[in-house]
Amino acid sequence: MASFEADEFIERVVGRMPDSRVPTCPYCGGEKFTTLGKFVSLLIGDNLGALEVGPSVPAGMIICENCGYIALFSLGVLGMLPDGEADTDGK
């Protein structure tokens with residue numbers, strides 16, 4: 001994966017929102033969010049009996065500066081993954 005660019009991530013998230021702005025926090029109503037210069041990778045699977053390192057969904061996060069609520073956004077949907085990489089194992 002290419003390096004994660006936080007500014008590009010925020011630009012792409014905001015560009016897909018109504019009125020081109022980050023919505024208010026669903027928990028506290030806060031209107032100020034931040035992000036980290038890093039992404040997360042959510043493991044996906046179909047076996048609840050075992051946690052295995054395998055397919056994942058790379059995601060960026062925005063964090064409410066008032067209450068700490070975290071919203072995750074798929075980097076694949078935002079078009080931020082290099083060509084040929086997908087969010088899942090292709091199923």
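Here, every reference points to the structure presented above.
This structure is a prediction, so every number in the text was calculated from the model and none was measured. (Residues numbered from 1 in each chain as written. Predicted model: local features only at pLDDT ≥ 70, side-chain atom pairs only at ≥ 80, totals over all residues. Heavy atoms only, no water.)

A. Up close: the packing of aromatic side chains. Taken as a whole, this structure holds four aromatic pairs when the rule is applied. Their ring planes at 50° and their centres at 4.9 Å tell us that Y27 and Y69 sit as a pair that is tilted. Taken together, the residues span a long stretch of sequence, with Y27 in the loop between α1 (6–15) and β1 (33–34) and Y69 in the loop between β3 (56–64) and β4 (70–74) at a distance of 42 residues. Ring pairing ties together the aromatic residues F4, F9, F39 and F73, which thus form one cluster. (Phe/Tyr/Trp six-rings, centres within 6.5 Å; stacked < 30°, edge-to-face > 60°. Helix = DSSP H or I, 4+ residues; strand = E, 2+ residues; numbered from the N terminus.)

B. Spotlight on α1. Of the positions making up α1, those classed as buried are A6, F9, V13 and V14. In an axial view of α1, the angular spread of the buried residues amounts to 125°, which keeps them on one side of the axis. Facing away from the buried side of α1, by more than 90 degrees, are the exposed residues D7, E11 and G15. Elements in contact with the buried residues of α1: β3 and β4. (Buried < 20%, exposed > 50% of the residue type's maximum accessible area, 1.4 Å probe, protein only. Arc of directions from axis to C-beta. Contact = heavy atoms within 4.5 Å.)

C. Seen up close, the side chain of T35. With respect to the secondary-structure elements, T35 resides in the loop between β1 and β2 (40–43). There is a polar contact of 2.5 Å between the side chain of T35 and the backbone oxygen of M61. Residues within four places of T35 in sequence aside, it is in contact with A6, F9, I10 and M61. (Polar contact = N/O pair within 3.5 Å; in protein donor to acceptor, adjacent residues only side chain to side chain.)

D. The pattern of salt bridges, seen in detail. Evaluation of the coordinates by the stated rule reveals two salt bridges. In this structure, E8 and R12 form a salt bridge, with 2.8 Å as the shortest nitrogen-oxygen distance. Residue E8 and its partner R12 are both found in helix α1; the two are separated by four residues, about one turn of the helix. Since its relative accessible area comes to 30%, R12 is described here as partly exposed. The partner of K32 in a salt bridge is E65, and the shortest N-O contact between them spans 3.8 Å. Residue K32 is found in the loop between α1 and β1, and its partner E65 is found in the loop between β3 and β4; the two are separated by 33 residues along the sequence. Assessed through its relative accessible area of 44%, E65 is described here as partly exposed. (Salt bridge = Lys/Arg side-chain N within 4 Å of Asp/Glu carboxyl O.)

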